[in-house]
Amino acid sequence: MTSAVVHPAAIGGGTSAGGSRVATAGLDLTHGVVLYLEAISVSFDGFKALNKLSLSIDAGELRCVIGPNGAGKTTMMDVITGKTRPDAGTAFFGQTIDLTKLSESQIAHAGIGRKFQKPTIFVRHTVFENLELSMKADKRVRKTLFAKLSPSERDAIDETLKLIRLKEESDKVAGLLSHGQKQWLEIGMLLMQEPRLLLLDEPVAGMSDEETERTAELFLSLAGKHSLVVVEHDMAFIEKIARKVTVLHEGSVIAEGPMEQVQNDPKVVEVYLGR
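Definitions and limits used
Residues numbered from 1 in each chain as written. Predicted model: local features only at pLDDT ≥ 70, side-chain atom pairs only at ≥ 80, totals over all residues. Heavy atoms only, no water. Helix = DSSP H or I, 4+ residues; strand = E, 2+ residues; numbered from the N terminus. Buried < 20%, exposed > 50% of the residue type's maximum accessible area, 1.4 Å probe, protein only. Contact = heavy atoms within 4.5 Å. Areas by Shrake-Rupley, 256 points an atom, 1.4 Å probe, with all protein chains shown as cover. Pairing = 2+ DSSP bridges. Axes fitted to C-alpha atoms, helices over the stretch in contact; angles between N-to-C directions. 1 Å grid on protein atoms, 1.4 Å probe; cavity = no way out; pocket = protein on both sides within 12 Å on 5 of 7 lines; lining within 4 Å. Points joined across faces, edges and corners; volume = space filled by probe spheres on them. Nonpolar A, V, L, I, M, F, W, Y, C, P; charged D, E, K, R; others polar. Phe/Tyr/Trp six-rings, centres within 6.5 Å; stacked < 30°, edge-to-face > 60°. Core = buried A, V, L, I, M, F, W, Y, C linked by side-chain atoms within 4.5 Å. Right-handed = clockwise from strand over helix to strand, strands pointing away.

Caption draft 1: Structural view of the overall build of the protein. Each helix and strand counted, the protein has 9 helices and 10 strands in total. Here the protein, with 275 residues, has 53% of them falling under the buried criterion. Once local pairs closer than 6 in sequence are excluded, the contacts in the protein between residues at least 24 apart make up 70%. If you sum the accessible surface of the protein, you get close to 13,000 Å²; carbon and sulfur atoms cover 51% of it.

Have a look at this one:
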């Protein structure tokens, strides 16, 4: 069973390709859906990376997306973040923010954060400084790293340090962290931007079993306050966190539902899990 997408009730409210102001506070979640993709198609030199892909993500949902290599998972995230423009279809953040008309930076400012597989952190700065540099603030006001932080800003960094379990490492140079800790730090850096939707690409690749377990706990704690889309090949990890799973194949959704249902779907067994 593929996902049914309810088209946004209002189109084009308050944002445009040339506009630089996209307020997260203006995110319209009237119908409880944070992301709509409808009939998205993308071709590269004749190859259809996405083929009329449709799905919707509820506000506060933790959605897992799986599929074999070449299924379209990365291209889907590229469309959501503005890196790739679809040839056809619609992509809305909430009811009114048309993602196809915004730049990558505008989409990030609107409240969509993306974590790539390889951590991108400031390796020569401390963990605390990494979070400070990532704070959602007017960069024209915060001209230097060591500008005085307000009590509320310090509290925000402190809460994030606790959440990502790096409180004891706050003064450590980020380059000295373990692989898993670097992944958590990058997630923390995204959280400092106050995103409404987090896109997480293979977040546990290369992690130890203990780090993987902690990451599962972190994602489950984030769901509700944030919406999460997790793309991952580690099926044991998916089973730990999955509430609803979407399976992609050849650029389209071929199955969607609880993990057990998806695992027993004949199409899924044929194209992915049974390989």
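So, next bit.
Caption draft 2: Inspection of the sheet that holds strand S10 (residues 252-257) at higher detail. Spatially, S6-S7-S8-S3-S9-S10 is the arrangement adopted by the 6 strands of the open sheet, whose pairing is mixed. Among the strands making up the open sheet, the edge pair consists of strand S6 (112-115) and S10. The sheet shows a mean angle of 20° between the axes of neighbouring strands, direction not considered. Pairing of strand S9 (residues 244-249) with S10 involves 5 bridges; the strand directions are antiparallel. What sits directly across from Leu248, in S10, is Val253. Running over the sheet, helix H5 (residues 179-191) touches S6 and strand S7 (197-201) and is turned about 165° from S6. Each of strand S3 (62-66), S7 and strand S8 (227-231) touches helix H6 (residues 209-222); the most contacted strand, S8, lies at about 145° to it.

Caption draft 3: View of the layout of surface pockets. Quantified by volume, the largest pocket comes out at close to 500 Å³. As for the largest pocket, its lining consists of 19 residues, and the residues nearest its centre are Ala108, Gly113, Arg114, Leu190 and Gln193. Sorting the residues of the lining of the largest pocket by element identifies helix H2 (104-110), S6 and H5 as the ones contributing at least two each. A class-by-class count of the residues in the lining of the largest pocket yields 8 nonpolar, 6 polar and 5 charged. For the second largest pocket, the calculated volume is near 360 Å³. Lining the second largest pocket are 16 residues, with Thr160, Leu191, Glu194, Lys225 and His226 positioned closest to its centre. Of all the secondary structure elements, the ones that give two or more residues to the lining of the second largest pocket are helix H4 (151-163) and H6. A per-element tally of the lining of the second largest pocket places H4 first, with 6 residues.

Caption draft 4: Quick peek at the packing of aromatic side chains. Evaluated as defined, the whole model comprises 1 aromatic pair. Their ring planes at 75° and their centres at 5.9 Å tell us that Phe219 and Phe237 sit as a pair that is edge-to-face. Residue Phe219 is located in helix H6, and its partner Phe237 is located in helix H7 (residues 235-241); the two are separated by 18 residues in the primary sequence. Here the two residues Phe219 and Phe237 agree in accessibility, since each one is buried.

Caption draft 5: Local environment of the nonpolar core. In this structure, Leu185 and Phe219 are the most contacted members of the largest nonpolar core, which totals 45 residues. Looking at this core, the element that brings in the most residues is H5, giving 6 residues. When neighbours within four sequence positions are excluded, Phe219 is seen to be in contact with Leu62, Ile187, Leu200, Pro203, Leu228, Val230, Phe237 and Ile241. In terms of nonpolar packing, the next biggest core, distinct from the first, is built from 30 residues, Val34, Met76, Val79 and Phe93 among them.

Caption draft 6: Expanded view of the environment of Thr75. Mapped onto the fold, Thr75 is located in helix H1 (residues 73-80). C-alpha separation for the pair Thr75 and Gly251, spaced 176 residues apart in sequence, amounts to 8.7 Å. When sequence neighbours within four positions are dropped, the list of residues in contact with Thr75 reads Val42, Phe44, Ala49 and Leu50.

Caption draft 7: Focus on the pairing of S8. Counting buried positions over the 5 residues of S8 gives 5, a clear majority of the element. Burial along S8 is two-sided: the residues Ser227, Val229 and Val231 and Leu228 and Val230 are all buried. Strand direction decides the pairing type here: S3 and S8, joined by 4 bridges, are parallel. Opposite Leu62, over in S8, you have Leu228 as the bridge partner. Examined bridge by bridge, S7 and S8 share 5 bridges and lie parallel to one another. Residue pairing for S8: Leu198 is matched across the bridge by Leu228. As a crossover connection, the stretch from S7 through H6 into S8 is right-handed.

Caption draft 8: Region of interest: the sheet that holds strand S4 (residues 88-93). One open sheet accounts for 4 strands, arranged S2-S1-S4-S5; its pairing is antiparallel. Whereas interior strands pair on both sides, the edge strands pair on one side only; in this sheet they are strand S2 (47-58) and strand S5 (97-98). Pairing geometry for strand S1 (residues 33-44) and S2, over 8 bridges, is antiparallel. The partner of Ser43 across the bridge, within S2, is Lys48. Strand contacts of H1: S1 and S2, with the helix running at about 115° to S1, the strand carrying the most contacts.

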